[in-house]
Amino acid sequence: MHISKVDLNLFIVLEAIYTEGSITRASLKMNLTQPAISHALNRLRQLFDDPLFERQGHVMTPTPLARSIIEPVRRALRGFEVTLNGAARFDAVSSERSFSLGVRDVLEASVLPQLMAGIAREAPSVTLNTLQVSRRELESELAAGTLDACLDVLLPLSNDIRRAQLAGDKTVVLVRRGHPLVKRRALPLETYLQLEHIQTSSRRRGPGLEDVELSRLGLQRRIRLRCQHYFAACRVVSETDLALTMPERLARIVNQQFNNQLLPFPLEMPSLDIYLYWHANVDNDPANLWLREQITAAMQIAG
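Going by the annotation in an unreviewed UniProt entry, the name recorded for the protein is LysR family transcriptional regulator, with Duganella rivi given as the source organism. According to the UniProt record, the Sequence similarities (unreviewed entry) comment for the protein is "Belongs to the LysR transcriptional regulatory family."

Formed by 26 residues in total, the largest nonpolar core has its most connected members in Phe-99, Leu-101, Leu-151, Trp-290 and Ile-295. Looking at this core, the elements with two or more residues in it are β3 (98-103), α5 (105-122), β5 (149-152), β6 (161-167), β12 (274-279) and α11 (286-302). For this core, the element with the most residues is α11, which contributes six residues. Contact partners of Trp-290, with chain neighbours within four places excluded, come to Phe-90, Ala-92, Phe-99, Ile-119, Glu-122, Ala-123 and Val-126.

Oppositely charged side chains can form a pair if their charged atoms are brought close together. In the structure shown here, the tally under the stated rule is 19 salt bridges. Here Arg-97 and Asp-148 are joined by a salt bridge, their closest N and O atoms 3.2 Å apart. Taken together, the residues span a long stretch of sequence, with Arg-97 in the loop between α4 (64-86) and β3 and Asp-148 in the loop between α6 (138-144) and β5 at a distance of 51 residues. Asp-148 sits in the buried class, given a relative accessible area of 5%. One salt-bridge network, held together by shared partners, links Glu-15, Glu-20, Lys-29, Glu-71 and Arg-74.

A few words on the environment of Val-237. The topology assignment puts Val-237 in helix α9 (residues 230-239). A relative accessible area of 0% means that Val-237 is categorised as buried. Each C-alpha atom, one on Val-237 and one on Ile-198, is 8.3 Å from the other, the two residues being 39 residues apart in sequence. Not counting the four nearest positions on each side in its chain, Val-237 is found in contact with Leu-174, Val-175, Arg-176, Ile-198, Leu-242, Ala-243, Leu-244 and Asn-260.

With six of six residues buried, β12 is to be regarded as a mostly interior element. With three bridges connecting them, β5 and β12 associate as antiparallel partners. Among the inter-strand pairings, Leu-151 is bridged to a residue of β12, identified as Leu-276.

The next point concerns the domain arrangement of the protein. Considered domain by domain, the protein is made up of domain 1 (3-86), domain 2 (98-168 + 273-302) and domain 3 (171-270). Relative to domain 3, the C-alpha centre of domain 2 lies at a distance of 28 Å. In this complex, domain 2 contributes ten residues to the contact, which on the side of domain 3 involves eight residues. Note on domain 2 versus domain 3: buried area summed over both sides is about 650 Å², and carbon and sulfur give 57% of it. Considering only the side of domain 2, the residues that lose the most area to domain 3 are Asp-105, Val-106 and Ser-110, jointly responsible for 53% of the buried surface there.

Packing of helix α1 (residues 9-20) against helix α2 (residues 23-30) brings their axes to within 8 Å, and their N-to-C directions diverge by 125°. By the criterion of interaxial angle, the relationship of α1 to α2 is oblique. In the packing of α1 onto α2, the handedness of the crossing is right-handed. Within the contact between the two elements, α1 uses Ile-12, Val-13, Glu-15, Ala-16, Ile-17, Thr-19 and Glu-20 and α2 uses Arg-25, Ala-26, Lys-29 and Met-30. Grouping the constituent residues of the contact of α1 with α2 by class yields six nonpolar, one polar and four charged.

Conventions adopted
- Residues numbered from 1 in each chain as written.
- Predicted model: local features only at pLDDT ≥ 70, side-chain atom pairs only at ≥ 80, totals over all residues.
- Heavy atoms only, no water.
- UniProt positions renumbered as here; feature names shortened; annotations may be inferred.
- Core = buried A, V, L, I, M, F, W, Y, C linked by side-chain atoms within 4.5 Å.
- Buried < 20%, exposed > 50% of the residue type's maximum accessible area, 1.4 Å probe, protein only.
- Helix = DSSP H or I, 4+ residues; strand = E, 2+ residues; numbered from the N terminus.
- Contact = heavy atoms within 4.5 Å.
- Salt bridge = Lys/Arg side-chain N within 4 Å of Asp/Glu carboxyl O.
- Pairing = 2+ DSSP bridges.
- Domains from an automatic or database assignment.
- Buried area = accessible area lost by both parts, 1.4 Å probe.
- Axes fitted to C-alpha atoms, helices over the stretch in contact; angles between N-to-C directions.
- Parallel < 35°, antiparallel > 145°, perpendicular 65-115°, else oblique.
- Left-handed = near helix turned anticlockwise from the far one by under 90°.
- Nonpolar A, V, L, I, M, F, W, Y, C, P; charged D, E, K, R; others polar.

Structure follows, in structure tokens:
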């Protein structure tokens, strides 16, 4: 079938239904009526000779064929968008664009102040949305353009995803001042293993990087509390004898009001390198390039 005989707007509808999982939400996203979305879906079904989506309760579940074509469709749509946007120079001063940045809460506090200060100086009408994205969905989000860029640790992603290393971070241990087991500024491994610990993670289970390093030596620490956020963990440390292991960059920010001791982690740990990710489709997109420059500068200032 020649592309000249196909209404390319149908693929925009396909991607909207797939992303939203609902004809109603797709219609709101595209500012079209529900009958218009349903009509476009019927045309897609005739085009592919496949139902593409099957209703299960209130959710439109994609068929195997829909799952197999969604990434090529997203890449093509993103390519068209970049071509159109790239036709004109990105003018940060007059732009009213909204960017979406994937970033975990570990990095938000350290990078956002400098990043927003830079954006405010250069682009007074540009807005930024930060999102926490599942690492399993990161590549598809970048391909679809629902994310413009992402900050995270080194991840195993395809060559379609470009990356640049921005910064490294050390691992430190926090304990309250006056802790009965910590008598000096150094923290021997023996003392570390005597302590009871807080593990901070958004996951429900699984070891931290420090646990992996300990396990290499056949060692294990005792986790007394598992919680979701470092701010809460720092407060618990300040009022108990529990210890917290975390990245130094964030520790120096969230610990300011608690005044806990920061001690070196007692084992050699790999540097917690931070990478900037973006899709190959936007490699030369002036707007995305400008955003990456702002992020890179902000990370350098944050140090």
